Amino acid sequence: MQSMKIEHIQSFMVIGISNDLSPTGMKDTWDQLYARMNEIPYMINPKIGYGLLVNRRYTACMEVASVGNLPEGMDGMVVPANDYAIFMHKGKIKYLKQTWDLILKQYASQLDMLQPNFERYDERFNPVSDDSIVEIYIPLKK
């Protein structure tokens, strides 16, 4: 994990599938989303996915131009504009929780964990590669 970078992120909309946060829940949620990707309307970039964490719920989702016409069983949300702390996880996905634990240990006093935070998965992501990259965005306390 690299040190924290701060950036203002504009609000954006996502559509995806939500489940309660659990040890296997994230992978299961992504599997459900991949099986239904072709149903997501107004998708902006199919090569970038988001793992949104809100109130102990995990949503595997894609950025969209509109949250109208939601497919059955999917959720649409607006990720609010905010100043975000950005961290980079490098390595296999099975070690992502360790990165989260380290972030929370070192930076908890600066982060607003009550607001939506998210992981960004792009073309650098490969779940079994030691060179895989996942970006983690957490709002800063005001």
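Residues numbered from 1 in each chain as written. Predicted model: local features only at pLDDT ≥ 70, side-chain atom pairs only at ≥ 80, totals over all residues. Heavy atoms only, no water.

*Asks:* Please set out the pairing of strand β3 (residues 49-54) residue by residue, giving values where relevant.
*Replies:* Here β3 lies mainly inside the structure; 5 of its 6 residues are buried. Bridge count for β3 against strand β4 (residues 57-64) is 6 bridges, and the pairing is antiparallel. Paired with valine 54 across the strands is arginine 57, a residue of β4. Adjacent in sequence and paired antiparallel, β3 and β4 are bridged by 2 residues, among which asparagine 55 carries a positive phi angle near 50°. Bridge count between β3 and strand β7 (residues 117-121): 5 bridges; the pairing is antiparallel. (Buried < 20%, exposed > 50% of the residue type's maximum accessible area, 1.4 Å probe, protein only. Helix = DSSP H or I, 4+ residues; strand = E, 2+ residues; numbered from the N terminus. Pairing = 2+ DSSP bridges.)

*Asks:* So what's going on with the packing of aromatic side chains? Residues and values would help.
*Replies:* Tallying each qualifying case throughout the model produces 10 aromatic pairs. Plain terms: the ring middles of tryptophan 30 and tyrosine 121 are 5.4 Å apart, the flat faces sit at 70° to each other, and that makes the pair edge-to-face. With a gap of 91 residues between them, tryptophan 30 in helix α1 (residues 25-35) and tyrosine 121 in strand β7 connect regions that are remote in the sequence. Note on tryptophan 30: relative accessible area 10%, which makes it buried. Judged by its relative accessible area of 8%, tyrosine 121 falls in the buried class. A ring pair is formed by phenylalanine 87 and tyrosine 107, whose centres lie 5.1 Å apart and whose planes are at 50°; its orientation type is tilted. You can see phenylalanine 87 sitting in strand β6 (residues 82-90) and its partner tyrosine 107 sitting in helix α2 (residues 96-107), a full 20 residues away along the chain. One exposure class covers both phenylalanine 87 and tyrosine 107, and it is buried. An aromatic cluster is present here, built from Phe12, Tyr50, Tyr84, Phe118 and Tyr137 joined pairwise through their rings. (Phe/Tyr/Trp six-rings, centres within 6.5 Å; stacked < 30°, edge-to-face > 60°.)

*Asks:* How would you sum up the sheet that holds strand β8 (residues 133-139)? Please name residues and give values.
*Replies:* The antiparallel open sheet is built from 8 strands, whose spatial order is β1-β6-β8-β7-β3-β4-β2-β5. The open sheet has two edge strands, β1 (5-9) and β5 (75-79), and neither has a second partner. Between one strand and the next, the sheet's axes are offset by a mean angle of 35°, whatever the strand orientation. Sheet analysis places β7 next to β8, joined by 3 bridges and oriented antiparallel. Bridge pairing links glutamate 119 to isoleucine 136 in β8. Together, β2 (12-20), β3, β4 and β7 form the strand contacts of α1, whose direction differs from that of β4 by roughly 35°. Sitting on the sheet, α2 is in contact with β3, β6, β7 and β8, with an inclination near 35° to β8. (Axes fitted to C-alpha atoms, helices over the stretch in contact; angles between N-to-C directions. Contact = heavy atoms within 4.5 Å.)

Nothing here speaks to function; it is all geometry.
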